[in-house]
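So the chains spell out like this:
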Amino acid sequence: VHNTQPLSNQLAPVSTTSFIDISRTRNMSGPPPYARGLQPSKVTSTQPSTPRTPIHRGPSLTSSPYGFDAPSPSPGTRGRVTSFIRHRKQQAPIEMPISVPCAGNCGFTGQSTSLNLCSRCYAHLEQDASRISDGSVVADLLAQCGYKNLDDARRHIAFARAFPDAVVKNKADEVPGVHKWLTTHRPLTQFDEVPKKGSNACTYIAGVTAVRFILLNQIPDDIHWVDSIRRGVSAYHAGVVSQPDAHADFEEVMPFVLEALSFQSTQPLVQASTYTVTLFKPPEVTDEDFEAICGGTYWPELGKAGLLSCLHTCFMLDNPMETECALVFIRPPETYTIIKNKDGVFWRDSHRRTQYDFDTVEAFLKWIELDTNFTSPLPEMPLSMNQIGLTTIVPAML
């Protein structure tokens, strides 16, 4: 059989689409190929016959510069080919996914495209997923985002839109060397009624924690901290019974603190010195009134910078030999304890379960610098709530 097509047609380049050219195939010897939807004609003669009009559906075929005949554009199509085009199927993946041990621990291999599960475990997973309601999905997503329910999420969204520049998350907690932990033994806080509740016992608890470190060298870990809360609440109730109208001044609470720790001595066991740091001074308060209000213990520098410089002095950082220190940190209406030794710094808060430990003094001071919870100024509040009393507890000189 000889090919009667010109050489240019035989060497035509391959195209991304295929055209069915019936007229060209009928020029070759032998019966014509079957066209879709057409039955082959009966062959009555073996002699070559005159080429017949090509059978096709759609627009007529015209000569193509690429060596094959293409459909001629129909009126109104503006050159777009509308028939005799067979598009190429979607290409199969050329790369196999990585096989890993099935995450369901069934012994088979899973694939990353199916959550590292084998086909059987993945089928079971699909069945389990189909039984989870939309409400359960929403509740789980809300919990992952830290919201209690939809109303809580709406409030946070409204807050973010109304106050876009407000600080909600305390970036101080992200400082390297800062560790948070929760109390796990009861009483969890001073409000935990085990055995008694001490709503206003924070100064007594801070005193107990500071004194037991100075005199007994006991670090307020979880066990000792819980015991300090219990003893501080006991000292608070003893103080209220003895002096119902007295304020929780540190010198006033000290006798009850020593009694709660079972110290009995006619001689003073500890001594205290206090500095008062002002975070914000209202403009209507004159310098003379300010000095009269604060007395001789006020720190001359204001704001967060003044607090940091005062802590530097209380920690005696200029003296490398002094590695231990106990501070009672009073900012009305709350009182906290700060313990420093060679292992780091410890912040204790009896109002809450969250406690802070710091690897170094530098980490603690950086935390204070970035803190927005305990040490931020409150311009609309009274002067007393913008002042911090730092009382240093040291052994008494006998």
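In the block above lies the structure referred to throughout.
This is a predicted model, so every value here is computed, not measured.

**Q** Please explain the overall build of the protein as it appears in this structure.
**A** Scanning the protein for helices and strands turns up eleven helices and eleven strands. Expressed as a percentage of its 398 residues, the buried residues of the protein come to 33%. Of the contacts made within the protein by residues no fewer than 6 positions apart, 59% connect residues no fewer than 24 positions apart. Element-wise, carbon and sulfur atoms account for 55% of the exposed surface of the protein, whose accessible area totals about 25,900 Å².

**Q** Got a minute to help me understand helix 8 (residues 250-260) in this structure?
**A** Residues three or four positions apart in an α-helix share a direction because the helix packs 3.6 residues into each turn. Here helix 8 has its buried residues at F250, V253, M254, F256, V257, L258 and A260. Those residues of helix 8 that are buried lie in contact with helix 6 (202-216), helix 7 (222-242), strand 6 (270-278), strand 7 (325-331) and strand 11 (387-395). Immediately beyond the C-terminal end of helix 8, within one or two residues, lies S262, with a positive phi of roughly 65 degrees.

**Q** What exactly am I supposed to notice about unusual backbone geometry here?
**A** Negative phi characterises most residues that are not glycine, and trans characterises most peptide bonds. Cis rather than trans, the peptide bond between V194 and P195 has omega equal to -10 degrees. Relative to the elements of secondary structure, P195 occurs in the loop between strand 5 (178-182) and helix 6. A cis geometry characterises the amide bond from P332 onward to P333, with omega recorded as 10 degrees. Counting through the fold element by element, P333 comes out in the loop between strand 7 and strand 8 (334-341). Not every positive phi belongs to a glycine, and N217 is a case in point at roughly 55 degrees. Here N217 shows up in the loop between helix 6 and helix 7. A positive phi angle, close to 55 degrees, is found at M316, a residue other than glycine. Accessibility expressed as a relative area gives 31% for M316, which makes it partly exposed.

**Q** When you look at the packing of aromatic side chains in this model, what are you seeing that I'm missing?
**A** The description of an aromatic ring pair uses the distance of the two centres, along with the angle that the planes make with each other. On inspection of all chains with the given rule, the structure shows 17 aromatic pairs. Centre to centre, the rings of W347 and W367 are 5.3 Å apart; their planes meet at 65 degrees, and the pair counts as edge-to-face. Taken together, the residues span a long stretch of sequence, with W347 in strand 9 (residues 344-348) and W367 in helix 11 (residues 361-370) at a distance of 20 residues. Under the relative-accessibility criterion, W367 is labelled buried at 0%. Seen from their ring centres, W367 and F374 are 5.9 Å apart, and the 40 degrees between their planes marks the pair as tilted. The exposure class assigned to F374 is buried, which follows from its relative accessible area of 10%. Three or more aromatic residues joined by ring pairs form one cluster here, namely F315, F329, Y336, W347, Y356, F358, F364, W367 and F374.

**Q** I tried to follow the environment of T392 on my own but got confused; where do I start?
**A** You can see T392 is positioned in strand 11. Assessed through its relative accessible area of 10%, T392 is described here as buried. Residues T392 and S273 lie 119 residues apart in sequence; the distance between their C-alpha atoms is 5.4 Å. In this structure T392 touches Q271, A272, S273, C314, C325, A326 and L327, once residues within four positions along its chain are discounted.

**Q** I keep staring at the environment of R353 and nothing clicks. Help me out?
**A** Mapped onto the elements, R353 comes out in the loop between strand 9 and strand 10 (354-358). R353 gets classed as partly exposed once you look at its relative accessible area, which sits at 35%. If sequence neighbours within four positions are ignored, R353 has contacts with W181, L182, T183, T184, L188 and T189. Engagement of the side chain of R353 in a polar contact is seen with the backbone oxygen of T183, the distance being 2.6 Å.

**Q** Before we go on, may I ask you to explain helix 10 (residues 303-314) in this structure?
**A** Taking 1.5 Å as the rise per residue, helix 10 with twelve residues should run 16 Å; its terminal C-alpha atoms sit 17 Å apart, in good agreement. Buried residues of helix 10: G303, G306, L307, C310, L311 and C314, and no others. With its buried residues spanning 135 degrees around the axis, helix 10 presents them on a single face. Packing partners of the buried residues in helix 10 comprise strand 6, strand 7, helix 11 and strand 11. Just downstream of helix 10, M316 is the residue with a positive phi angle, here 55 degrees.

**Q** Quick question: what am I supposed to make of the side chain of D371 here?
**A** By the secondary structure assignment, D371 is in the loop between helix 11 and strand 11. There is no salt bridge for the buried D371, and the closest opposite charge comes from K304, which lies 5.3 Å off by N-O distance. Those residues in contact with D371 that sit more than four places away from it in its chain are N170, A172, K304 and S376.

**Q** Help me out: how do you make sense of the sheet that holds strand 10 in this one?
**A** Note on sheets: strands pair through backbone hydrogen bonds, and any given pair is parallel or antiparallel. The strand order 5-10-9-8-7-11-6 describes an open sheet built from seven strands, whose pairing is antiparallel. Two strands lie at the open edges of the sheet, namely strand 5 and strand 6, each paired on one side alone. The mean inter-strand angle of the sheet, taken between neighbouring strand axes irrespective of direction, is 20 degrees.

**Q** Which parts of the structure should I look at to understand the nonpolar core?
**A** As a rule of thumb, soluble globular proteins bury nonpolar side chains together. Ranked by internal contacts, the top residues of the largest apolar core, which has 29 residues, are V211, M254, V257, A326 and I393. At eight residues, the largest contribution of residues to this core is made by helix 6. Contacts of A326, omitting those with residues within four sequence positions, involve A210, F213, I214, I338, I339, T391, T392 and I393. Membership of the second largest hydrophobic core comes to 28 residues, among which are A172, I338, I368 and I388.

**Q** Would you mind showing me how to read the pattern of salt bridges here?
**A** Close approach of charged atoms allows side chains with opposite charge to pair. In this structure the tally under the stated criterion is 13 salt bridges. With its nearest N and O atoms 2.9 Å apart, the salt bridge here joins D227 to R212. One end of the pair, D227, is in helix 7; the other, R212, is in helix 6, with 15 residues separating them in the sequence. Residue R212 is classed as buried on the basis of its relative accessible area, which comes to 6%. Taken together, the shared-partner salt bridges connect R212, D227 and R231 into one network.

About the criteria used
- Residues numbered from 1 in each chain as written.
- Predicted model: local features only at pLDDT ≥ 70, side-chain atom pairs only at ≥ 80, totals over all residues.
- Heavy atoms only, no water.
- Helix = DSSP H or I, 4+ residues; strand = E, 2+ residues; numbered from the N terminus.
- Buried < 20%, exposed > 50% of the residue type's maximum accessible area, 1.4 Å probe, protein only.
- Contact = heavy atoms within 4.5 Å.
- Areas by Shrake-Rupley, 256 points an atom, 1.4 Å probe, with all protein chains shown as cover.
- Phe/Tyr/Trp six-rings, centres within 6.5 Å; stacked < 30°, edge-to-face > 60°.
- Polar contact = N/O pair within 3.5 Å; in protein donor to acceptor, adjacent residues only side chain to side chain.
- Expected span 1.5 Å × (residues − 1).
- Arc of directions from axis to C-beta.
- Lys, Arg positive; Asp, Glu negative; His and termini not counted.
- Salt bridge = Lys/Arg side-chain N within 4 Å of Asp/Glu carboxyl O.
- Pairing = 2+ DSSP bridges.
- Axes fitted to C-alpha atoms, helices over the stretch in contact; angles between N-to-C directions.
- Core = buried A, V, L, I, M, F, W, Y, C linked by side-chain atoms within 4.5 Å.

Interpretation note: all reported values are geometric properties and have no functional meaning in isolation.
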